[in-house]
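Here is what each chain is made of, one letter per residue.
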Amino acid sequence: MSSKIKIYHNPSCGTSRNTLELIRNSGQEPEIIEYLKNPPNKAELLDLIKNSGLSTREVLRKNVDPYIELKLDEPHWANHELIDFMLEYPILINRPFVVTELGTKLCRPSEIVLDILSDPQLKPFSKEDGEIIIDQNLKRVK
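Residues numbered from 1 in each chain as written. Predicted model: local features only at pLDDT ≥ 70, side-chain atom pairs only at ≥ 80, totals over all residues. Heavy atoms only, no water.

Details of unusual backbone geometry
The general pattern is negative phi for most residues beyond glycine and trans for most peptide bonds. The omega torsion across R95 and P96 is 0 degrees, close enough to zero to call that bond cis. Inspection of the secondary structure puts P96 in the loop between α4 (79-88) and β3 (97-100). The omega angle of the peptide bond from R108 to P109 is 0 degrees, so this bond is cis rather than trans. Mapped onto the fold, P109 is located in the loop between β4 (103-106) and β5 (125-126). One non-glycine residue, L138, adopts positive backbone phi at about 60 degrees. The exposure class assigned to L138 is partly exposed, which follows from its relative accessible area of 40%. (Helix = DSSP H or I, 4+ residues; strand = E, 2+ residues; numbered from the N terminus. Buried < 20%, exposed > 50% of the residue type's maximum accessible area, 1.4 Å probe, protein only.)

Given below as structure tokens:
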């Protein structure tokens, strides 16, 4: 059995739901952190960003009200300020982040999670929209 998997999840997000189901399709039940209800603290958020190899701006959600209202697209915002905004408004944190023994990824698109799962997929898998990710031969299509 693999070590613990964590997913920073938003159940109303299709990408997040697909990612969770891909994890479950490997036979694992992850620790599910509904980050809008239980946001990461500053150290956890900094670790997610650092360990994912992404920049602070790359993990910002851009199509949400706080991003637009605060004009976070303006270049004068420093990373520490953007982190503070994500802590104050967790909706600004892009999702889903997944942490496994093989690494940390922002799983957009959801099939990126396959890169950090140590266990194989157990059955064919299609996303909610019907896009095939794991075919009938249990081979990754995307």
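Picking up where we left off.
Re the pairing of strand β1 (residues 6-9)
In the sheet, β1 pairs with strand β2 (residues 31-34) via four bridges, with the strands oriented parallel. Note that in β2 the partner of I7 across the bridge is I32. Between the parallel pair β1 and β2, the chain is carried across by helix α1 (residues 14-24), and the sense of this crossover is right-handed. By the bridge criterion, three bridges tie β1 to β3 in an arrangement that is antiparallel. (Pairing = 2+ DSSP bridges. Right-handed = clockwise from strand over helix to strand, strands pointing away.)

Quick notes on the packing of aromatic side chains
Tallied over the entire structure, the rule returns one aromatic pair. Note on W77 and F85: the rings are 5.0 Å apart at their centroids and 85 degrees apart in plane angle, and the pair reads as edge-to-face. For the pair shown, W77 and F85 are each scored as buried. (Phe/Tyr/Trp six-rings, centres within 6.5 Å; stacked < 30°, edge-to-face > 60°.)

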